[in-house]
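Here is what each chain is made of, one letter per residue.
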Amino acid sequence: MTLTITPLTPALGATVDGLSLADELPPSTITALEAALVQHQVLFFRNQPVTPQEQSRFAARFGKLHVHPLYPVLPELPEIMLLDTHKDFPPDSDNWHTDVTFSQTPPLGAVLAAKQLPTVGGDTLWTSGAAAYEALSEPFRRFLEGLTAEHSIARSFPAERWAADPEGKAKYEAALAKYPVVTHPVVRTHPVSGRKGLFVNDGFTTRIKELSPRESADILAFLAAHVARPEFSVRWHWQVNDVAFWDNRLTQHYAVADYLPQRRIMHRATVIGDRPY
């Protein structure tokens, strides 16, 4: 098996050809994919008609899988999250975010498979928190490295979303109890490469603890605008059976919500990571 890895932008992103994700891949291939993931941060695979079971098996080669506390999942395979968005269940990932940073151990990465797509639209963008951090001035980088930030599940999932749904409200309250507000460094060190990158995101970060409320809001707003610069990002135009595998430790992503009232169905397997430092 010969992998062909083609970079897409200087900041991040590469396509991978020469393998089938439905196969039982040898350890040498998994090792090569791990290295490519660290180097390119998000990998794209075309023409991969994987079943949910095959997707779960592939993702589990990189670590234990996470079950999301709020999003719908496949009943027969709860580690596969069902992202079925349409006019009656509108998308809510149209902001720059890093997945599940409300956890003490945010995901290492995630494997996303496209199952049904709108006729046009529905792209996803990824941005490199490492490239964004490295583009900052040295004095500002030093300032950020001493800071920590709070992350809360309630920022992206407000209580009023379930106010009229008793079952959903109970599930939400259980999620709040399981995931209290957590603190992570503003600048994270990648546990494999040692590369540093920004680790705050608009989806779950609520405040920088060492700063005043006004200072925190201003710094977070600046960092949100900075990380969204096109120089640090890659945009993927999905085709059915595409698969994306991204390193969640130093990236953010944005699912463009431009396709309603059409429908978009994606399956996601999420690999649990370690405590940021």
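For the structure, see preceding data.
Not measured: the values here are computed from a predicted model.

Below, the discussion takes up unusual backbone geometry. Along the chain, L260 connects to P261 via a cis peptide bond; the corresponding omega equals 10°. By secondary structure assignment, the location of P261 is in the loop between β16 (251-255) and β17 (264-272). For N241, which is not glycine, the phi torsion reads 80° and is therefore positive. Residue position: N241 is located in the loop between β14 (233-236) and β15 (243-247). Judged by its relative accessible area of 22%, N241 falls in the partly exposed class.

Applying the stated criterion across every chain yields a total of 17 salt bridges. Within this structure, E24, R57 and R61 form a network of salt bridges that share partners.

This brings us to the packing of aromatic side chains. The final tally for this structure, using the stated rule, is 17 aromatic pairs. For the ring pair F44 and W236, a centre distance of 4.1 Å and an interplane angle of 5° mean the geometry is stacked. Residue F44 is located in strand β3 (residues 42-45), and its partner W236 is located in strand β14; the two are separated by 192 residues in the primary sequence. The same class applies to F44 as to W236, namely buried.

In this fold, Q239 is placed in the loop between β14 and β15. Owing to a relative accessible area of 43%, Q239 belongs among the partly exposed residues under this scheme. For the pair Q239 and T29, spaced 210 residues apart in the sequence, the C-alpha separation amounts to 24 Å. Among residues more than four places away in sequence, those in contact with Q239 are R46, A114 and L117.

The first and last C-alpha atoms of helix α7 (residues 213-227) sit 21 Å apart over 15 residues, in line with the 21 Å expected at 1.5 Å per residue. Of all the positions in α7, only S216, I219, L220, L223, H226 and V227 are classed as buried. Viewed end-on, α7 has its buried residues packed into an arc of 125°, placing them on one side of the element. Opposite the packed face of α7, turned more than 90 degrees from it, sit the exposed residues P213, R214 and A225. For α7, the elements touching its buried residues are β8 (124-128), α3 (129-134), α4 (138-145), β12 (196-198), β13 (205-208) and β16.

We now examine the sheet that holds β16. Spatially, three strands are ordered β14-β8-β16 in an open sheet, and the strand pairing comes out antiparallel. Here the strands that pair on one side only, and so sit at the sheet edges, are β14 and β16. Taken pair by pair, the neighbouring strands of this sheet meet at an average axis angle of 20°, ignoring direction. Sheet topology note: the β8/β14 ladder contains four bridges and is antiparallel. From the neighbouring strand, T127 faces β14, where its bridge partner is S233.

A few words on empty space enclosed by the protein. Under the definition given, this model contains five cavities of 30 Å³ or more. In this model, the largest cavity occupies a volume close to 350 Å³. Within the residue set of the lining of the largest cavity, elements represented by two or more residues are β6 (77-85), β16 and β17. For the lining of the largest cavity, the element with the highest residue contribution is β6, accounting for three residues. Its residues assigned to classes, the lining of the largest cavity shows 13 nonpolar, nine polar and four charged. Considered as a void within the structure, the second largest cavity measures approximately 50 Å³ in volume. Considering the residues around the second largest cavity, the lining is formed by V38, Q41, A130, H190, S193, R195, D247 and L250.

Reading guide: rules and limits
- Counting of residues starts from 1 at the beginning of each chain's written sequence and follows it residue by residue.
- The model is predicted, so local features are restricted to residues of pLDDT at least 70 and side-chain atom pairs to those at 80 or more, both for listing and for counting; the totals for chains, interfaces and linings are taken over all residues.
- The side-chain numbers reported here are obtained from all heavy atoms of the structure, hydrogens and water having been left aside.
- Elements are defined by DSSP. Helices are runs of H or I of four residues or more, strands are runs of E of two residues or more, and each kind is numbered from the N terminus.
- Categorising residues by exposure relies on relative accessible area from a 1.4 Å probe, with only protein chains included: less than 20% of the type maximum marks a residue as buried, more than 50% marks it as exposed, and the intermediate range marks it as partly exposed.
- Just to be clear on terms, a salt bridge is a Lys or Arg side-chain nitrogen sitting within 4 Å of an Asp or Glu carboxyl oxygen.
- Working definition: a ring pair exists when centres of Phe, Tyr or Trp rings (six-membered ring for Trp) sit within 6.5 Å. Plane angles under 30 degrees give stacked, over 60 give edge-to-face, the rest tilted.
- Whether two residues touch is decided by their heavy atoms; if any such pair falls within 4.5 Å, the residues are in contact.
- To estimate the expected span of a helix, subtract one from its residue number and multiply by 1.5 Å.
- This arc corresponds to the set of directions leading from the helix axis out to the C-beta atoms.
- Two strands pair if DSSP finds at least two bridges between them.
- Simply put, an axis is a line fit to the C-alpha atoms, just over the touching stretch for a helix, and the angle between two N-to-C directions goes from 0 to 180 degrees.
- Cavity: a set of points on a 1 Å grid over the protein atoms alone where a 1.4 Å probe fits but cannot get out. Pocket: an open set with protein on both sides within 12 Å along at least five of seven lines, its lining residues, like those of a cavity, having an atom within 4 Å of a point.
- Grid points are joined across faces, edges and corners, and a volume is the space filled by probe spheres set on the points.
- Throughout this entry, Asp, Glu, Lys and Arg are counted as charged residues, while Ala, Val, Leu, Ile, Met, Phe, Trp, Tyr, Cys and Pro are counted as nonpolar. The remaining residues, Gly among them, count as polar.

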